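Chain residues, written in single-letter form:
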Amino acid sequence: MNKMDYDRALYYTHRSQWDNLLILMVRTKDQFLSKRIEQFLHAYHFERDYSVIEKKLYSLLRYIDHANENSDPDNNELPMYSLS
């Protein structure tokens, strides 16, 4: 699992960057994340009932939260920043 994909999904959702979210949906290797993004974007663009859009958004956000909590830190992965 790539934690950076979840961080990006959260950032793009927060900033309403739907084009970047679509690109992430195609490029991520996490099929569950890809499906949740697809369902949300479809509802956002085609659904008239706001409660359905809200449900799909919360589903995406819950999955991102769940994946971030359960992902194991990869020791071989380079840190994004260093305090030293």
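Everything discussed here concerns the structure shown above.
Since this is a predicted model, take the numbers as computed values, not measurements. (Residues numbered from 1 in each chain as written. Predicted model: local features only at pLDDT ≥ 70, side-chain atom pairs only at ≥ 80, totals over all residues. Heavy atoms only, no water.)

Another point: the packing of aromatic side chains. According to the stated counting rule, one finds six aromatic pairs in the structure shown. Consider the rings of Trp 18 and Tyr 44, whose centres lie 4.8 Å apart with planes at 50°: the pair is tilted. Taken together, the residues span a long stretch of sequence, with Trp 18 in helix 2 (residues 18–27) and Tyr 44 in helix 3 (residues 31–46) at a distance of 26 residues. The class of Trp 18 is buried, set by a relative accessible area of 16%. Assessed through its relative accessible area of 38%, Tyr 44 is described here as partly exposed. (Phe/Tyr/Trp six-rings, centres within 6.5 Å; stacked < 30°, edge-to-face > 60°. Helix = DSSP H or I, 4+ residues; strand = E, 2+ residues; numbered from the N terminus. Buried < 20%, exposed > 50% of the residue type's maximum accessible area, 1.4 Å probe, protein only.)

Moving on to unusual backbone geometry. Positive phi, close to 55°, is recorded for Ser 16, a residue that is not glycine. Checked against the element boundaries, Ser 16 lands in the loop between helix 1 (3–14) and helix 2. The class of Ser 16 is partly exposed, set by a relative accessible area of 44%.

Side chains that are nonpolar tend, in soluble globular proteins, to be buried together. Leu 21, Leu 33, Ile 37 and Phe 40 are the most contacted members of the largest nonpolar core, which totals 17 residues. Broken down by secondary-structure element, the contributors of at least two residues to this core are helix 1, helix 2, helix 3 and helix 4 (50–70). When sequence neighbours within four positions are dropped, the list of residues in contact with Phe 40 reads Trp 18, Leu 21, Ile 53, Lys 56, Leu 57 and Leu 60. (Core = buried A, V, L, I, M, F, W, Y, C linked by side-chain atoms within 4.5 Å. Contact = heavy atoms within 4.5 Å.)

Next up on the list: the pattern of salt bridges. Under the defined criterion, the tally for this structure stands at one salt bridge. With its nearest N and O atoms 3.6 Å apart, the salt bridge here joins Lys 35 to Glu 38. A residue pair is termed a helical-turn pair when its members lie 3 or 4 positions apart in one helix, as Lys 35 and Glu 38 do in helix 3 at three residues. By relative accessible area, Lys 35 is classed as partly exposed at 44%. (Salt bridge = Lys/Arg side-chain N within 4 Å of Asp/Glu carboxyl O.)

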